[in-house]
Amino acid sequence: MKSKNQNRTQNNSHDQDITRGLLYTHNRINSNTTKTLEVASFLYALIEILDEKGLLSIEELDERKKQVASRLVEKFVESGMGLMYQDPEYDKYTFEHEADSDCLERLDTCKAICCKFPFALSRQDVEEGIIRWEFGRPYLIAHGDDGYCVHLDRETYKCTVREHRTVPCRGFDCKDNEKWKVWQDYEKGIINPELVDKIEKEIGEIYRCSRGTG
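Presented here is a report on the structure given in the accompanying data block. (Residues numbered from 1 in each chain as written. Predicted model: local features only at pLDDT ≥ 70, side-chain atom pairs only at ≥ 80, totals over all residues. Heavy atoms only, no water.)

### A few points about the overall build of the protein chain
In terms of helices and strands, the protein chain carries six helices and two strands. Across the protein chain, helices and strands are ordered from the amino to the carboxyl terminus as α-α-α-α-α-β-β-α. For the protein chain, the proportion of its 214 residues judged to be buried stands at 27%. Within the protein chain, contacts between residues at least 6 apart in sequence are counted, and of these 63% link residues at least 24 apart. Split by element, the accessible area of the protein chain, about 15,300 Å² in all, is 52% carbon and sulfur. (Helix = DSSP H or I, 4+ residues; strand = E, 2+ residues; numbered from the N terminus. Buried < 20%, exposed > 50% of the residue type's maximum accessible area, 1.4 Å probe, protein only. Contact = heavy atoms within 4.5 Å. Areas by Shrake-Rupley, 256 points an atom, 1.4 Å probe, with all protein chains shown as cover.)

What follows is the structure in structure tokens.
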């Protein structure tokens, strides 16, 4: 059983996560509201002037608005400001494409390097409330300061929520993956050093930025 000090430490950690998430949300709201009001006032003034001078029609404006909106949504998603969900989504408990690999036999070599990869949770994960996500960047899988998923046992390198693990965890096959090339030589058990560098630089930056420490 956990001691009172352990429970208190865990609760304090959760409180800090919530506080960090709220600060992120409030800062975003304040910043976005100010910018939105500024842009809206400028835009309406411009439209009124152009309309008065007969230089545009409402039909042309609506058509162009649809085109621009599509581009802006794409940039918004790429910026990381929006909510992230898995796309497409599958029921993880009936997922039929689980990877068939000798994962457990390779943990001593790979040190569960795949548990450092970033990915978005599904709505099912979020609503279930078991898998933790980054409050600074909803709904990215939560990682600790060491870069690993918070649900990984640091001593055994095994998942502590395996029964409830996400679809990306269930479906990831490290033997032959184009995006995340784990092995330089799968048969000989040689880790890809380029992936290690990528994780330290690119992926680490994602989580530092989500916490305002980048």
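### A closer look at the packing of aromatic side chains
With the rule as written, the count across this model stands at seven aromatic pairs. Ring plane angle 15° and centroid distance 4.4 Å describe the contact between Phe117 and Trp180, whose orientation is recorded as stacked. Linking Phe117 in the loop between α3 (103–110) and α4 (123–128) with Trp180 in the loop between α5 (167–171) and β1 (183–185), this pair joins segments that are 63 residues apart in sequence. Side by side, Phe117 and Trp180 carry an identical accessibility label, which is buried. Each ring, one from Tyr148 and one from Tyr157, has its centre 6.1 Å from the other, and the planes form 55°; the classification is tilted. An aromatic cluster of three or more residues is present, and its members are Phe117, Phe172 and Trp180. (Phe/Tyr/Trp six-rings, centres within 6.5 Å; stacked < 30°, edge-to-face > 60°.)

### So, α3
Residues of α3 that are buried include every one of Arg106, Leu107 and Cys110, and no others. The buried residues of α3 occupy an angular sector of 140° when projected down its axis, which confines them to one face. Of the exposed residues in α3, the ones pointing more than 90 degrees away from its buried face are Leu104, Glu105 and Asp108. Lys111 sits one or two residues past α3 and shows a positive phi near 55°. (Arc of directions from axis to C-beta.)

### Points about the pattern of salt bridges
This structure, assessed with the given rule, holds eight salt bridges. Close ionic contact of Arg165 with Glu98 constitutes a salt bridge, the shortest N to O distance being 3.0 Å. Of the two residues, Arg165 sits in the loop between α4 and α5 while Glu98 sits in the loop between α2 (58–79) and α3, which places them 67 residues apart along the sequence. Owing to a relative accessible area of 38%, Glu98 belongs among the partly exposed residues under this scheme. Salt-bridge contacts for Glu98 lead to Arg170; the nearest nitrogen and oxygen are separated by 3.4 Å. Of this pair, Glu98 sits in the loop between α2 and α3 while Arg170 sits in helix α5, and the two are 72 residues apart along the sequence. According to the relative accessible area criterion, Arg170 is buried, its value standing at 7%. Three or more residues are tied together by salt bridges with common partners; here these are Lys92, Asp125 and Glu128. (Salt bridge = Lys/Arg side-chain N within 4 Å of Asp/Glu carboxyl O.)

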